[in-house]
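# Architecture at a glance
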Amino acid sequence: TNEGMKKSLLIFFILISWIVIDANASHLMGGSLCYEYVGLQPSGKYRYRVKLVTYIDCGPTSEIPYAEYPIKIGVYGNNLLMPNADKPLVDSLLLFIEDTVVYTPFLPPGCIIGSPTCIIQARYSGVIDLSSSINGYYLFYERCCRNAAILNLQPDGSDAFVSYITPTNVVNSTPVFLFPPIPFLC
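Everything in this summary refers to the structure shown in the same document. (Residues numbered from 1 in each chain as written. Predicted model: local features only at pLDDT ≥ 70, side-chain atom pairs only at ≥ 80, totals over all residues. Heavy atoms only, no water.)

## Thoughts on empty space enclosed by the protein
Following the criterion strictly, the structure yields one cavity of 30 Å³ or more and no others. In this model, the largest cavity occupies a volume close to 50 Å³. Forming the boundary of the largest cavity are H27, L28, T54, I56, Y66, A67, E68, I71, Y124, Y141 and R143. Contributing elements (two or more residues each) for the lining of the largest cavity: strand 2 (46-57) and strand 6 (137-144). The residue makeup of the lining of the largest cavity, split by class, is seven nonpolar, two polar and two charged. (1 Å grid on protein atoms, 1.4 Å probe; cavity = no way out; pocket = protein on both sides within 12 Å on 5 of 7 lines; lining within 4 Å. Points joined across faces, edges and corners; volume = space filled by probe spheres on them. Helix = DSSP H or I, 4+ residues; strand = E, 2+ residues; numbered from the N terminus. Nonpolar A, V, L, I, M, F, W, Y, C, P; charged D, E, K, R; others polar.)

Here it is in structure tokens:
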């Protein structure tokens, strides 16, 4: 009957909605957020190149097996006299993909721990000009969810990436990894 079909469709959509709402993405394996001092601009502002690197599980169990873009970074002010106070949002910045590399970590023969996996390294960047500050700035990015295969951290928790830009009178850039910190499995 037509009424029975409507009822079945309603139940189907309620179940699908519940599954979609309850689902958590599981894909991030780690990353880093850093900045590079570019120089003082004619406007009197200080230019920084902001860089984010994420490592994404692109294996068959990943719920988001690709690099997302663009990514929005928050830029927050700091108050050295009140270090525990809330940080006011000063600006935001969209970061775009520079490149991606797919890694398949090596598993030695006879390895019974771990399994072959796929990791996407996505490198993002963007440029921002900031006003002079004696307190510096915080860069912040948060994204749900951490890869569920990481067993020593809370499953499906968010990953938060933070970097601190020192007061602008200090010429500084953050350190960066020379080589991708891809894990050795087994």
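Having seen the model, we can carry on.
## Let's talk about the state of the cysteines
Structurally, a disulfide amounts to a covalent bond that connects the sulfur atoms of two cysteines. Tallying each qualifying case throughout the model produces one disulfide. Here C58 is linked by a disulfide to C118, with a sulfur-sulfur distance of 1.7 Å. Disulfide C58 to C118: torsion about the S-S bond roughly -85°, handedness left-handed. In this pair, C58 is assigned in the loop between strand 2 and strand 3 (71-77) and C118 in the loop between strand 4 (89-103) and strand 5 (119-130), connecting sequence segments 60 residues apart. For the pair C58 and C118, a shared accessibility class is recorded, and that class is buried. (Disulfide = S-S within 2.5 Å. Buried < 20%, exposed > 50% of the residue type's maximum accessible area, 1.4 Å probe, protein only.)

## Describing the side chain of S163
Along the chain, S163 turns up in strand 7 (residues 158-165). Residue S163 is classed as buried on the basis of its relative accessible area of 5%. When near neighbours in sequence (up to four residues on either side) are disregarded, S163 contacts L33, C34, Y35, Y137, Y138, L139 and T174. (Contact = heavy atoms within 4.5 Å.)

## A few points about the packing of aromatic side chains
In this structure the tally under the stated criterion is five aromatic pairs. Seen in terms of ring centroids, Y138 and Y164 are 4.9 Å apart; in terms of plane orientation they differ by 45°. Their pairing is tilted. In this pair, Y138 sits in strand 6 while Y164 sits in strand 7, placing the two residues 26 residues apart along the sequence. Grouping aromatic residues by their ring pairs yields a cluster made of Y35, Y37 and Y48. (Phe/Tyr/Trp six-rings, centres within 6.5 Å; stacked < 30°, edge-to-face > 60°.)

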